[in-house]
Amino acid sequence: MKYKNARAVSISIPFTANFRPFTISSGLMIEFLTTALDLSYRKANYNSSTVTITDTLDVYYVTKNGVTEKRVLTSSRDTIIKTKVYSIIKKSASNNYTFITIPLLFGYEFDKKTYNITIAAGAYMSYLGVSGKNNTISSDSGIVNENTLTLHRIFISPATSLQLSIPISQRFDISAGLLYRYSLLSIQNSNNYHTSYQSFTTHLSLFYHF
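Residues numbered from 1 in each chain as written. Predicted model: local features only at pLDDT ≥ 70, side-chain atom pairs only at ≥ 80, totals over all residues. Heavy atoms only, no water.

A.B. asks: How should I be thinking about the overall build of the protein in this particular structure?
C.D. replies: Each helix and strand counted, the protein has zero helices and nine strands in total. Expected size for 210 residues packed as a compact globule is a radius of gyration near 17 Å; at 34 Å, the protein overshoots this value by more than 25%. Expressed along its principal axes, the backbone C-alpha trace of the protein runs to roughly 130 × 35 × 20 Å. Taken across its 210 residues, the protein has 26% of its residues classed as buried. Considering only intrachain contacts with a sequence separation of at least 6, the fraction spanning at least 24 residues in the protein is 65%. Only carbon and sulfur atoms are counted for the fraction: they give 57% of the accessible area of the protein, which is about 14,400 Å². The averaged location of the 11 negative side-chain charges in the protein is 4 Å from the averaged location of its 20 positive side-chain charges. (Helix = DSSP H or I, 4+ residues; strand = E, 2+ residues; numbered from the N terminus. Rg over C-alpha atoms; globule rule 2.2 N^0.38 Å. Buried < 20%, exposed > 50% of the residue type's maximum accessible area, 1.4 Å probe, protein only. Contact = heavy atoms within 4.5 Å. Areas by Shrake-Rupley, 256 points an atom, 1.4 Å probe, with all protein chains shown as cover. Lys, Arg positive; Asp, Glu negative; His and termini not counted. Charge placed at Lys NZ, Arg CZ, Asp CG, Glu CD.)

Spelled out as structure tokens, the structure:
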């Protein structure tokens, strides 16, 4: 099983507390992850061939006119030999997952007159709640439903971010940033697969100050 790419769409309600120059960012997110995979497995086939086997039953000598000749008594039989060969079966698949995520990032804000730059680090805590009904994986028995997936698991993903904020009024800021996340756990809760995810995300947000 090989992952080609993945994409995600999220709906979020962000929250930021500012204790200048320090910040705490959190919120509530619903993330929809789609993974594209190349699935493959080895299918065993057996080739049959018939081989004639000759068995030696007896060896004896015959003397005639002073000449001794060796005689061999044999018996022949046909037998079928099966040879195990493998063929590679391939298929593309698209799997879907839904997470409920709470980020927690601690940052430092560089306050300028017309803009602010915030560098933050922390973690995203994600709860895997829903898996697609048609999700498939490959195993030794073939391409099967993703029955090795255990739902209701919690993933903790370390993250860092860089954000630029520009005040547009006393109450509103517009911001853009870059976020990097790394998942320590594989989605598949199985010893057969271990795929760590990492992602770069860009965002554009509008903040209201209470």
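Past the structure itself, the notes keep going.
A.B. asks: Can you walk me through the side chain of D173 in this structure?
C.D. replies: With respect to the secondary-structure elements, D173 resides in strand β8 (residues 172–182). One buried charged side chain, D173, makes no salt bridge at all; its nearest oppositely charged neighbour is R20, positioned 6.3 Å away. Apart from the residues within four sequence positions on either side, D173 is in contact with I166, P167, I168, S205, L206, F207 and H209. (Salt bridge = Lys/Arg side-chain N within 4 Å of Asp/Glu carboxyl O.)

A.B. asks: Honestly, the side chain of N135 in this entry has me stumped. Any pointers?
C.D. replies: For N135, the location among the structural elements is in the loop between β4 (116–131) and β5 (136–139). A distance of 3.0 Å separates polar atoms of two side chains, one belonging to N135 and the other to S131. Contact partners of N135, with chain neighbours within four places excluded, come to S94, N95, N96, Y97, V144, N145 and E146. (Polar contact = N/O pair within 3.5 Å; in protein donor to acceptor, adjacent residues only side chain to side chain.)

A.B. asks: Mind showing me how you'd approach the pairing of strand β7 (residues 153–167) here?
C.D. replies: Regular strands place side chains that alternate from one sheet face to the opposite one. Sheet topology note: the β4/β7 ladder contains 13 bridges and is antiparallel. The residue of β7 that forms the bridge with Y124 is S157. From the end of β7 to the start of β8, which pair antiparallel, there are four residues. (Pairing = 2+ DSSP bridges.)

A.B. asks: Explain the packing of aromatic side chains here, please?
C.D. replies: Remark: the centre distance and the inter-plane angle together describe each pair of aromatic rings, the angle taken between the planes. Applying the stated criterion across every chain yields a total of four aromatic pairs. Seen in terms of ring centroids, F99 and F155 are 5.9 Å apart; in terms of plane orientation they differ by 75°. Their pairing is edge-to-face. Within this pair, whereas F99 is found in strand β3 (residues 67–111), its partner F155 is found in strand β7, the two being separated by 56 residues in sequence. Three or more aromatic residues joined by ring pairs make a cluster, and in this case those are F22, Y108 and F110. (Phe/Tyr/Trp six-rings, centres within 6.5 Å; stacked < 30°, edge-to-face > 60°.)

A.B. asks: Is there a simple way to explain the pattern of salt bridges in this structure?
C.D. replies: It is possible for side chains bearing opposite charge to pair when their charged atoms get close. Tallied over the full model, the rule gives five salt bridges. Note that R20 is salt-bridged to E109, the shortest N-O span being 2.4 Å. Within this pair, whereas R20 is found in the loop between β1 (2–19) and β2 (22–64), its partner E109 is found in strand β3, the two being separated by 89 residues in sequence. The residue R20 makes a salt bridge to D111 at a minimum N-O spacing of 3.3 Å. With a gap of 91 residues between them, R20 in the loop between β1 and β2 and D111 in strand β3 connect regions that are remote in the sequence.

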